[in-house]
Every structure is written in C-alpha cells, then in structure tokens.
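So the chains spell out like this:
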Amino acid sequence: MKFFIDTANLAQIKEAHELGVLDGVTTNPSLMAKEGITGEENVKAHYKAICEITDGDVSAEVIATTYDEMIKEGLELAKLHERIVVKVPMIKDGVRAIKYFSKQGIKTNCTLVFSAGQALLAAKAGATYVSPFIGRLDDISTDGLQLIEDIRLIYDNYGYETQILAASVRHAMHIINCAKIGSDVITGPLSAMLSLLKHPLTDNGLAQFLADHAKAAEAGK
C-alpha cells in the first residue's frame, strides 16, 4: 500500500520523505491557503517545489468546475512537472474531463468521492486514482471503511486499474483497516503516519533495555 501525505507544508513533506515511507503527495486549494500560498503563479511554484521533494505522484487540484476550464487548467498543471496528477472533482463535467485527460495520457485523481457509484463512473472514465473521503463520511455517522470495501469489490469484479486512494484518513486504525481491505493508497496528515510508530510496549521495552544497559555499564566500571 502506498503512503501519500495530504498537505502543502514543505517541512512535513520532507519529514515524511526522510522517514523513507513516502510514496506521493495530495493537496488542494484549502491546504495551499493554510500555508499562505495564494496567487496562481505562487501556487504553481509551490507544486514544483513539492515535486522536487518526493519521487512519487503529486495531485494538483483544478479550481474550475466547467469542462472547458478544467481542461485548460488541467493541461497547465500537467506541464508543471512529470509527477503532477490532475485532481478533478466528482461532477458531470469532471468525469468528462477525466476521460479527456486519460486519452491524452495525463494521470488523474477523481476527488470528493462519497459513493461506490461515483467511484464506478470515475473508473470507467479512466481515472488513475479515485479518492473516497472516509473521514468525512465518519463525521456524518456513515461507515467510510465500508465504502472502501465496496469499491474494492467492484474494481476487482471487473478488473478496473483505477487505484483506490483512501482520503481524509485521520488515524492509525484508518490506515490499518484500509490496508486490510486492500486500498491501493492512503493519504492523510503526517500525524496519522507517525501514529503507526506508537505502542506502549515498545516504549516500555526500550526503556527497560536502556536501563539494563546503564546498570551493566555501571557495574563494569
């Protein structure tokens, strides 16, 4: 399973990359704004900076919501770097745009997916990735992980090559359960990745090893 980080923060992307487990980056206009990145040229420059850190795909989201404008904006984003994946919303014109981009050999990420039917349409249009938002579904008392299971079953039934990119991942159990189900990718904050490191028995065991080593060293003096 691939690990993507969902942020526009360069320091966090570098930290995830240095950890040795980063496979790519997803971001969006809200995350760009959170980092104070505004203005078309500044946003494009920031995408390029992200691409220079990671060796994997970097999802760059279109702002447009009409077909012609999505095509125009998506083509501009794709030219920024070979690792750019054009991120397109799950709307009617978005599905049309995904079909166009797939014919041009441009990778796409269909975002804001909340149903298996939407994921099916994205796959039929040729999306490289489909992003079901499991955390946001959990927020409205709906089982986000069940959606991942449904999409996995449908894609396996028909051999769709579209990769399931579980988005809005919040914590370690989201990641573990997505891995059990067979999600191709997860994307979430750095904190979610780092939470996989934590276990009290690891901490206790390391503390005991260090204490025993200190005692042995002291006894040897």
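Note: the structure precedes this text.
Let me begin by describing the structure that accompanies this report. (Residues numbered from 1 in each chain as written. Predicted model: local features only at pLDDT ≥ 70, side-chain atom pairs only at ≥ 80, totals over all residues. Heavy atoms only, no water.)

Considerations on the sheet that holds strand 6 (residues 129-132)
Then comes step 1: Read around the barrel, eight strands follow the order 1-2-3-4-5-6-7-8 and close on themselves; strand pairing throughout is parallel. Geometrically, the sheet is characterised by an average inter-axis angle of 30° between neighbouring strands, direction not taken into account.
Then comes step 2: As judged from the four bridges shared by strand 3 (residues 57-61) and strand 4 (residues 84-89), these two strands associate in the parallel manner. Opposite alanine 60, over in strand 4, you have valine 86 as the bridge partner.
Then comes step 3: Packed onto the sheet, helix 4 (residues 67-78) meets strand 3 and strand 4 and runs at close to 160° relative to strand 4. (Pairing = 2+ DSSP bridges. Helix = DSSP H or I, 4+ residues; strand = E, 2+ residues; numbered from the N terminus. Axes fitted to C-alpha atoms, helices over the stretch in contact; angles between N-to-C directions. Contact = heavy atoms within 4.5 Å.)

Brief notes about the pairing of strand 4
Then comes step 1: Most of strand 4 is tucked away: six of the six residues are buried.
Then comes step 2: Sheet topology note: the strand 4/strand 5 (residues 108-113) ladder contains four bridges and is parallel. The residue of strand 5 that forms the bridge with valine 88 is cysteine 110.
Then comes step 3: Following the backbone out of strand 4, through helix 5 (residues 92-103) and into the adjacent parallel strand 5, one traces a crossover that is right-handed. (Buried < 20%, exposed > 50% of the residue type's maximum accessible area, 1.4 Å probe, protein only. Right-handed = clockwise from strand over helix to strand, strands pointing away.)

Considering the side chain of threonine 187
Then comes step 1: Within the secondary structure, threonine 187 is located in strand 8 (residues 185-188).
Then comes step 2: According to the relative accessible area criterion, threonine 187 is buried, its value standing at 2%.
Then comes step 3: In terms of polar contacts, threonine 187 uses its side chain to reach the side chain of threonine 26, at 2.6 Å. (Polar contact = N/O pair within 3.5 Å; in protein donor to acceptor, adjacent residues only side chain to side chain.)

Brief notes about unusual backbone geometry
Then comes step 1: The backbone phi angle of serine 141 is positive, close to 60°, even though this residue is not glycine.
Then comes step 2: With respect to the helices and strands, the residue serine 141 is situated in the loop between helix 7 (134-139) and helix 8 (144-158).
Then comes step 3: Among the residues examined, serine 141 registers a relative accessible area of 75% and is labelled exposed.

Structural notes on the pattern of salt bridges
Then comes step 1: For the structure on display, the rule yields eight salt bridges.
Then comes step 2: Salt-bridge contacts for lysine 107 lead to aspartate 57; the nearest nitrogen and oxygen are separated by 3.3 Å. Here lysine 107 is found in the loop between helix 5 and strand 5, whereas its partner aspartate 57 is found in strand 3, with 50 residues between them in sequence.
Then comes step 3: Under the relative-accessibility criterion, lysine 107 is labelled partly exposed at 38%.
Then comes step 4: The buried category is assigned to aspartate 57, whose relative accessible area is 10%.
Then comes step 5: A salt bridge links aspartate 93 to arginine 96, with the shortest nitrogen-to-oxygen separation between them at 3.7 Å. With a gap of three residues between them, aspartate 93 and arginine 96 both fall in helix 5, about one helical turn apart.
Then comes step 6: Look at aspartate 93 and you get partly exposed, because its relative accessible area is 22%.
Then comes step 7: For arginine 96, a relative accessible area of 44% puts it in the partly exposed group.
Then comes step 8: Through salt bridges that share partners, Glu40, Lys44 and Glu76 make up one connected network. (Salt bridge = Lys/Arg side-chain N within 4 Å of Asp/Glu carboxyl O.)

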